[in-house]
Amino acid sequence: MLNVFVISSDKRVERLIAHFQPFFKTKIRQAADFDQGLKEVFENRPSMVFIQSTIDSVSGETVARHIKSLLGSESPKIIFMDETPGGEKKGASWCDDSLVISDSAQQFQANFATLVARYHP
């Protein structure tokens, strides 16, 4: 079963979750800070974790590396979320994919749907 968790403080992500929640059998959960996010990931073991590039000057890369190093082969798919195109190159070594937080809600939703369908058709 697909279990999605998002670590992001961006309001656009909150709107994205509200849009897609009715289509998921499980709740799409979110944490607005990395401490709570890590706790959720280790307790609930989601299938996919979307991580914002930075929250309060803490790097999403650091959090993703922590998850990957501790969970190893049990690690969820980690998706890097950046506000600018090209950010996926930064996280290429530790993330499984990337998603640009687009200013266009419609484009953001389409990109999210495409990405989820790629891993969970």
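All of the points below concern the structure found in this document. Positions within a chain are numbered from 1, following the residues in the order the chain's sequence is written. Under the rules for a predicted model, residues below a pLDDT of 70 receive no local features and side-chain atom pairs below 80 are neither given nor counted, while totals for whole chains, interfaces and linings still include all residues. The side-chain figures draw on all heavy atoms in the structure; neither hydrogens nor water molecules are used.

Points about the pattern of salt bridges
Salt bridges are defined as contacts in which a side-chain nitrogen from Lys or Arg sits within 4 Å of a carboxyl oxygen from Asp or Glu. For the coordinates displayed, the defined rule picks out seven salt bridges. Close ionic contact of E14 with K11 constitutes a salt bridge, the shortest N to O distance being 3.7 Å. One end of the pair is E14 and the other is K11, both in helix α1 (residues 11–20) and three residues apart, which spans about a single turn. On the accessibility criterion, E14 (35% relative accessible area) is partly exposed. Between E40 and R29 there is a salt bridge, with its nearest N and O atoms 3.0 Å apart. Of the two residues, E40 sits in helix α2 (residues 34–44) while R29 sits in strand β2 (residues 29–31), which places them 11 residues apart along the sequence. With respect to class, E40 is no different from R29; both count as buried. One network of salt bridges, with partners in common, ties together D10, R12 and E83. Each helix corresponds to a stretch of at least 4 residues labelled H or I by DSSP, and each strand to a stretch of at least 2 residues labelled E; elements are numbered beginning at the N terminus. Three labels apply to residues, based on accessible area from a 1.4 Å probe with only protein chains included: buried if under 20% of the type maximum, exposed if over 50%, partly exposed otherwise in between.

A closer look at the sheet that holds strand β6 (residues 77–82)
By the convention used here, strands pair only if DSSP detects at least 2 bridges between them. If you trace the five strands from one edge of the open sheet to the other, you get β2-β1-β3-β6-β7, paired in parallel fashion. Two strands in the sheet have a free side with no partner beyond their single neighbour: β2 and β7 (97–100). Strand-to-strand twist of the sheet, defined as the mean angle between neighbouring strand axes without regard to direction, takes the value 20 degrees. When strand β3 (residues 48–52) meets β6, the two strands line up parallel, connected through five bridges. Bridge pairing in β6 places F50 opposite I79. Packed on one face of the sheet, α2 meets β1 (4–7), β2 and β3 and runs near 160 degrees to β1. Between two residues, a contact is recorded if the distance between any of their heavy atoms is within 4.5 Å. Axis definition: a line fitted to C-alpha atoms, over the contacting stretch in the case of helices. Angles run 0 to 180 degrees between N-to-C directions. Across the sheet, helix α4 (residues 105–119) lies against β3, β6 and β7, angled at about 165 degrees from β7, the strand it touches most.

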